[in-house]
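Remarks on the overall topology
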Amino acid sequence: MSVDGPVWGAMRRWGEREDHLNTRESDLLRAASRIPRFSPSAKDCEKILKIHAKLVSKGYES
């Protein structure tokens, strides 16, 4: 994914603060925040992108 880890970390913190994430979603964003030291699977990438879309629809601005 072309988004840096710190961006995913900021998104996770915002989503948790606004109570828009369940535990699995938070865990996926935590894993994504470790990019480039960690590469999520293709399936997890799809889920992470869906979480991103969900948070943007709830008001998250990157």
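Scroll up for the structure.
Calculation rules
- Residues numbered from 1 in each chain as written.
- Predicted model: local features only at pLDDT ≥ 70, side-chain atom pairs only at ≥ 80, totals over all residues.
- Heavy atoms only, no water.
- Phe/Tyr/Trp six-rings, centres within 6.5 Å; stacked < 30°, edge-to-face > 60°.
- Lys NZ or Arg CZ within 6 Å of the ring centre and 35° of its normal.
- Helix = DSSP H or I, 4+ residues; strand = E, 2+ residues; numbered from the N terminus.
- Salt bridge = Lys/Arg side-chain N within 4 Å of Asp/Glu carboxyl O.
- Buried < 20%, exposed > 50% of the residue type's maximum accessible area, 1.4 Å probe, protein only.
- Polar contact = N/O pair within 3.5 Å; in protein donor to acceptor, adjacent residues only side chain to side chain.

What follows is about the packing of aromatic side chains. Considering all chains together, one arrives at one aromatic pair under this definition. A cation over an aromatic ring shows up here: R34 above the ring of F38, its NZ or CZ 4.5 Å from the ring centre.

Next up on the list: unusual backbone geometry. That bond from I35 to P36 is cis: its omega, 10°, falls within 30 degrees of zero. Non-glycine residue D19 carries a positive phi angle of around 60°. Note on placement: D19 falls in the loop between helix 1 (5-17) and helix 2 (23-32).

Turning to the pattern of salt bridges, a few remarks are in order. All chains considered together, the criterion is met by four salt bridges. Residue E16 is joined to R12 by a salt bridge in which the shortest nitrogen-to-oxygen separation is 3.1 Å. Taken as a pair, E16 and R12 lie in helix 1 at a separation of four residues, close to a single helical turn. Taking relative accessible area as the criterion, R12 reaches 14% and is therefore assigned buried. One salt bridge in this structure joins R30 and D27, with 3.2 Å as the shortest N-O distance. Of this pair, R30 and D27 are both found in helix 2, three residues apart, which corresponds to roughly one turn of the helix.

With that out of the way, let us pick up helix 2. What helix 2 keeps buried is the set E25, S26, L28, L29, A31 and A32. Two to three positions downstream of the cap, the backbone nitrogen of R24 sits 3.0 Å from a side-chain oxygen, assigning the N-cap of helix 2 to N22.

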